[in-house]
Amino acid sequence: MNDSTIHDVMVVGAGPGGLSAAYELARIGLEPLVLERTPAVGDVWRNHYDGLRINSGRLFSGLPGSPFPRSAGPWPARDDMVRLLETLPGRGGFTVRTNVDIETVDYDPVRDLWIAASRDGLRFLARAVVIATGGTRVPVIPDWEGVETFPGEIIHSSAFRNAQAHAGRHVLVVGSGNSAAEIASRLVEHARTVTISVRTPPHILPKSVCGIPLIGIGVATRYLPASWVDGLLAFLQRRFIGDLTSHGLPFPPLRLSRQFARTQVVPILYRPFVEDVRAGRIRVVGPIRKIQGRSVRVFVSIDAARDGQSGMEEALETDVIIAGTGFRTGITELVRIPGVATREDRCTISGDQEIRDAPRLYFIGQFNPLSGLLREIRLEAGRIARRIKDRLGERPDRSGPGPDTERNPP
Ligand SMILES: Cc1cc2nc3c(=O)[nH]c(=O)nc-3n(C[C@H](O)[C@H](O)[C@H](O)COP(=O)(O)OP(=O)(O)OC[C@H]3O[C@@H](n4cnc5c(N)ncnc54)[C@H](O)[C@@H]3O)c2cc1C
């Protein structure tokens, strides 16, 4: 069914960010049109891997009007999050239109309207728009030399479901973020061998200190100078994680805030990974050089790759490569307004910020501080909703143009 109404506000994406924004919009009396590409609300978390738990802790990860119940324990599971998401529209009194994959969001300056066009030719019109498509919309797998000769399976970490599926295989996990580390660790019990290929030494931190989630420390120190916080985190890494240099993971050369600004990779918080590396159940090697059939040539260490030492390579017989190599936001193709995304496809604004050529366009979930993305989403949602209400109130003439056409030309 086509939608010819001019809505006050539409929200593209119904993950934690979109649902939180919609909840706050509904709470202040607006009726958001919420569009989601998957078949059911909650799919984005339903499709994460088995055994996943929220590492930011129950108290710091609830969404607006939706704290996790006590029964979820200190570290809620994936399914607790799914339940929270599924029930959020009911609690907020709004609905979500699913199976709508928005391809483009454009601004019509003549009518002062936002137009979202779906892949199957529907158009939706609104005065304001919240883009809540997340920071992980487009999985990125590097174009390794010789990749076309690899006869095994190459999957992105976002497509990893469980370790049992890789029983008895030689698995090479690539990357040094939380997902790569956790996946490598989960594979240990099932795969024949697990190797992790790392280019940048990761920051590794305890998930909690004396029972306080690390995110709590992030919250408490958020407004302190970055160098103080980096110093504290370096201390925690040395004190609670220790030196893994002899196992192939030296301390990172850049302090955490700098490394994060450059790579957008959050520190590893998955403790079993550290034990597995120490016990040799996970072997650490440097980055991939090239692929020759089943044989993946890697630098023997991170240092060997950094120094470009020729001859310091080895060949790994590999059945499956799991690429924990990150994502792009996909904002550049989705919102074709100059200035909304950097060359690296990172959003330039977040929360209630606006840019001049894009009035009443907002992004949620694009800024990931150490105090936790879910917490940030909860805070941003309220700010965005209040800003939209103010901005719509400024509108001189609500009658405007009549309903728009319903389908894109073929
Ligand atoms: C494995 C994993 C574990 C994480 N654990 C934590 C944690 O413990 N604590 C924490 O604070 N953060 C965590 N994060 C980070 C972050 O909080 C989550 O990714 C969170 O789900 C982000 O919410 P979001 O709504 O911004 O984006 P997403 O969850 O990615 O949701 C985006 C939604 O938009 C939809 N969508 C995308 N494109 C379109 C389109 N074109 N048209 C219509 N719909 C579209 C998607 O289908 C999806 O439903 C984790 C992330 C991952 C990947």
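Quick notes on the rules
Residues numbered from 1 in each chain as written. Predicted model: local features only at pLDDT ≥ 70, side-chain atom pairs only at ≥ 80, totals over all residues. Heavy atoms only, no water. Helix = DSSP H or I, 4+ residues; strand = E, 2+ residues; numbered from the N terminus. Buried < 20%, exposed > 50% of the residue type's maximum accessible area, 1.4 Å probe, protein only. Contact = heavy atoms within 4.5 Å. Near = heavy atom within 4 Å. Polar contact = N/O pair within 3.5 Å; in protein donor to acceptor, adjacent residues only side chain to side chain. Areas by Shrake-Rupley, 256 points an atom, 1.4 Å probe, with all protein chains shown as cover. Nonpolar A, V, L, I, M, F, W, Y, C, P; charged D, E, K, R; others polar. Domains from an automatic or database assignment. Buried area = accessible area lost by both parts, 1.4 Å probe. Salt bridge = Lys/Arg side-chain N within 4 Å of Asp/Glu carboxyl O. 1 Å grid on protein atoms, 1.4 Å probe; cavity = no way out; pocket = protein on both sides within 12 Å on 5 of 7 lines; lining within 4 Å. Points joined across faces, edges and corners; volume = space filled by probe spheres on them. Pairing = 2+ DSSP bridges. Axes fitted to C-alpha atoms, helices over the stretch in contact; angles between N-to-C directions. Parallel < 35°, antiparallel > 145°, perpendicular 65-115°, else oblique. Left-handed = near helix turned anticlockwise from the far one by under 90°. Phe/Tyr/Trp six-rings, centres within 6.5 Å; stacked < 30°, edge-to-face > 60°. Core = buried A, V, L, I, M, F, W, Y, C linked by side-chain atoms within 4.5 Å.

Digging into the environment of L254
No. 1: Along the chain, L254 falls in the loop between α7 (226–241) and α8 (256–263).
No. 2: When its relative accessible area of 23% is taken as the criterion, L254 is described as partly exposed.
No. 3: For L254 and H203, which are 51 residues apart along the polypeptide, the C-alpha to C-alpha distance reads 9.3 Å.
No. 4: For L254, the residues in contact, after removing those within four places along its chain, are H203, Q259 and R262.

Some words on the site of the ligand
No. 1: Near the ligand there are 30 residues, and of these G17, E36, N55, S56 and I102 occur at the shortest range.
No. 2: Here a nitrogen atom of the ligand sits 2.6 Å away from a polar atom, N or O, in the side chain of S56.
No. 3: In the complex, the protein chains occlude 90% of the 970 Å² of accessible area that the ligand would expose alone.
No. 4: Those elements that place two or more of their residues in the shell around the ligand are α1 (16–27), α2 (43–46) and α12 (373–393).
No. 5: Classifying every residue of the shell around the ligand by side-chain character gives 14 nonpolar, twelve polar and four charged.

What about the domain arrangement of the chain?
By convention, interface size is frequently given as the accessible area that disappears when the constituent parts associate.
No. 1: Domains assigned within the chain are domain 1 (6–137 + 329–407) and domain 2 (141–323).
No. 2: Taking the mean C-alpha position of each, domain 1 and domain 2 sit 31 Å from one another.
No. 3: Carbon and sulfur atoms make up 60% of the surface buried where domain 1 meets domain 2, a total of about 1,900 Å² over both sides.
No. 4: Looking at the side of domain 1 facing domain 2, the largest losses of area belong to Y49, N55 and L370, adding up to 37% of the total buried there.
No. 5: Run the count over domain 1 and domain 2 and you get one salt bridge.
No. 6: When the shortest N-O distance is used, the salt bridge between E376 and R222 registers 2.8 Å.

Things to note about empty space enclosed by the protein
No. 1: Counted by the stated rule, this structure contains one cavity of 30 Å³ or more.
No. 2: Of the volumes computed, that of the largest cavity is approximately 50 Å³.
No. 3: Lining of the largest cavity is provided by P202, I204, Q237, I241, G242, D243, L244, L249, P250 and F251.
No. 4: Its residues assigned to classes, the lining of the largest cavity comprises seven nonpolar, two polar and one charged.

A closer look at the side chain of D80
No. 1: If you trace the backbone, D80 turns up in helix α4 (residues 78–92).
No. 2: Look at D80 and you get buried, because its relative accessible area is 17%.
No. 3: Side-chain polar atoms of D80 contact the side chain of R83, separated by 3.0 Å.

Some remarks on the sheet that holds strand β9 (residues 170–174)
No. 1: With parallel pairing, the five strands of this open sheet are ordered in space as β8-β17-β9-β10-β13. With one partner strand each, in any of the chains shown, β8 (153–156) and β13 (283–285) form the two edges of the open sheet. Strand-to-strand twist of the sheet, defined as the mean angle between neighbouring strand axes without regard to direction, takes the value 20°.
No. 2: Across four bridges, β9 lies against strand β17 (residues 320–323) in parallel orientation. For V173, the partnering residue across the bridge sits in β17 and is I322.

Here we look at the packing of α1 against α12
No. 1: Across the interface, α1 lies against α12 with an axial gap of 8 Å and an inter-helix angle of 40°. Between α1 and α12, the angle is such that the two are oblique. The handedness of the crossing between α1 and α12 comes out as right-handed. For the pair α1 and α12, the contacting residues are P16, G17, S20, A21, E24 and L25 in the first and L374, I377, A381, G382, A385 and I388 in the second.
No. 2: Residue classes in the contact of α1 with α12 are distributed as eight nonpolar, three polar and one charged.

Remarks on the environment of G17
No. 1: Within the secondary structure, G17 is located in helix α1.
No. 2: With a relative accessible area of 8%, G17 lands in the buried category.
No. 3: In sequence terms G17 and A132 are 115 residues apart; their C-alpha atoms lie 5.5 Å from each other.
No. 4: Setting aside residues up to four positions removed in sequence, G17 forms contacts with A132, I364 and I377.

As for the packing of aromatic side chains
Each aromatic ring pair is characterised by the separation of its centres together with the angle its planes make.
No. 1: Counted under the stated rule, the structure contains two aromatic pairs.
No. 2: When the centroid spacing of 5.9 Å and the interplanar angle of 70° are considered together, the rings of Y49 and F160 count as edge-to-face. You can see Y49 sitting in the loop between α2 and α3 (58–61) and its partner F160 sitting in the loop between β8 and β9, a full 111 residues away along the chain.
No. 3: Aromatic side chains Y107 and W114 sit 4.9 Å apart centroid to centroid with 40° between the ring planes, which places their arrangement in the tilted category.

Describing the nonpolar core
No. 1: Formed by 67 residues in total, the largest nonpolar core has its most connected members in M81, F94, L187, I196, F273, I322 and I388.
No. 2: Broken down by element, this core gets its largest block of residues, seven residues, from α12.
No. 3: Composition of this core by domain shows at least three residues from each of domain 1 (6–137 + 329–407) and domain 2 (141–323).
No. 4: In this view, I196 contacts V173, G175, A180, A181, A184, F273, I282, R283, V284 and V285; residues no more than four positions away in its chain are not counted.
No. 5: V105, Y107, F124 and F363 belong to the second-largest nonpolar core, a separate cluster that totals 26 residues.

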